[in-house]
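What follows is the residue order along each chain.
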Amino acid sequence: MAVTRADVARLAGTSPALVSYVINGGPRQVAPATRARIEAAIAELGYRPNMSARSLRTNRGHALGMVIPDGANPFFAELSAVIEAAAFARGYPLFVGNAAGDPGREQAYVRSFIDRRVEGLLAISSAWETGIADACEQAGMVLVALDRIIDPARCTHVLCDSVAGAQQAVDHLIGHGHRRIACLSGPHVSTAEDRVQGYRNALAAKGLPEGVIVRTDFGGSAGYHALAELTAGPNPPTAVFVTSDLQAMGMLRAAYDAGLRVPDDLAVVAFDGIEYSRYTRPGLTTMVQPARRMGELAVDLLLEQIESRTPDPGIIRLDAELRTRGSCGCSDEF
């Protein structure tokens, strides 16, 4: 026989209503001593709430949705894993949709999650103005954005401070004596734009001219093929700031194939801090995004807003951390 709330209430010496308040977090407060008895009874009996019944009452499925722009990108894979673990620890399964760089596919996933009545959505947008905020607002669904700007006036954003992080990365190259510094940017998304702005800020603060700025995709192949354009001309750069680790890893291979020594002929600093960046040769100096903190904070904020039914628009920016390795000229100890 399945254990019921009435069984929990009998063992705890209280009412089924109070058991419900503990399980659902309200609507009434429960005295600490009573809550402790109820939680002990739940654990002893192995009680599991009937989520199907809850879904019928709330008109929402007990799950969260997430859309990411590229499931093959290790940074998004790492962030998704953090979010899945955080959601699971809080009692929510997570459904993930991979937009694969296609805004139309992203919109289809968002509609699918809305149709399935997930309780809230976490989103890393694949491009500017994809309509995620509009769709969630019309459906009455809570939305939290990560990594990229969607609409700060309508939803919470949890981002890495890419402007400050990029400025720190370029300052580090300047500290190594570089004066001709190029930039390999990503596609037209807020993350790439912010990192280019940080690059410009660092050069301007030191009175240095901007170098070549090349815009391409975030992948390794794009980084590989961008090297020729970045180093063309009579005065090629001695260093490059790269807006993603994957691009930089492709560029390191291109530099090797072109006979360039890194960092002697060309120093490289990137942004993201994916696990694989430590295994390049030389190791990749990079700004490490706080993926764990970003993911756990985003889940907590989403669940708080689901519970309060009150959105909290705005932007929370977290600091990146410089991880030095051999690609910039620092020690390359593993």
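Presented here is a report on the structure given in the accompanying data block. (Residues numbered from 1 in each chain as written. Predicted model: local features only at pLDDT ≥ 70, side-chain atom pairs only at ≥ 80, totals over all residues. Heavy atoms only, no water.)

**Description of the nonpolar core**
Point 1. Judged by nonpolar contacts, the single largest core of 49 residues is most densely connected at Leu122 and Phe241.
Point 2. At nine residues, the largest contribution of residues to this core is made by helix H12 (residues 291-308).
Point 3. When we break this core down by domain, the ones giving at least three residues each are domain 2 (64-160 + 290-319) and domain 3 (162-288).
Point 4. With sequence-adjacent residues up to four places away left out, Leu122 is seen in contact with Gly65, Met66, Val67, Ile83, Leu94, Val144, Leu146, Ala298, Val299 and Leu302.
Point 5. By size, the runner-up hydrophobic cluster in this structure holds 18 residues, among which are Val214, Val240, Met251 and Leu284. (Core = buried A, V, L, I, M, F, W, Y, C linked by side-chain atoms within 4.5 Å. Buried < 20%, exposed > 50% of the residue type's maximum accessible area, 1.4 Å probe, protein only. Helix = DSSP H or I, 4+ residues; strand = E, 2+ residues; numbered from the N terminus. Domains from an automatic or database assignment. Contact = heavy atoms within 4.5 Å.)

**Some words on a nonpolar patch on the surface**
Point 1. A cluster of nonpolar side chains, namely Tyr276, Tyr279 and Phe334, defines an oily patch on the protein surface of about 420 Å² accessible area.
Point 2. Within the secondary structure layout, Phe334 lies in the segment after strand E12 (321-323). (Patch = residues over 30% accessible without salt bridge, like charges linked within 9 Å, V, L, I, M, F, W, Y side chains within 5 Å. Areas by Shrake-Rupley, 256 points an atom, 1.4 Å probe, with all protein chains shown as cover. Salt bridge = Lys/Arg side-chain N within 4 Å of Asp/Glu carboxyl O.)

**Overview of the environment of Val262**
Point 1. Tracing the backbone shows Val262 in the loop between helix H11 (245-257) and strand E9 (267-272).
Point 2. Linking Val262 and Gly283, residues 21 residues apart in sequence, is a C-alpha distance of 10.0 Å.
Point 3. In this view, Val262 contacts Leu252, Ala255, Val268, Pro282 and Ser327; residues no more than four positions away in its chain are not counted.

**A few points about the packing of aromatic side chains**
Point 1. Considering all chains together, one arrives at two aromatic pairs under this definition.
Point 2. Above the ring of Phe271, the side-chain terminus of Arg195 is found at 3.9 Å from the ring centroid. (Phe/Tyr/Trp six-rings, centres within 6.5 Å; stacked < 30°, edge-to-face > 60°. Lys NZ or Arg CZ within 6 Å of the ring centre and 35° of its normal.)

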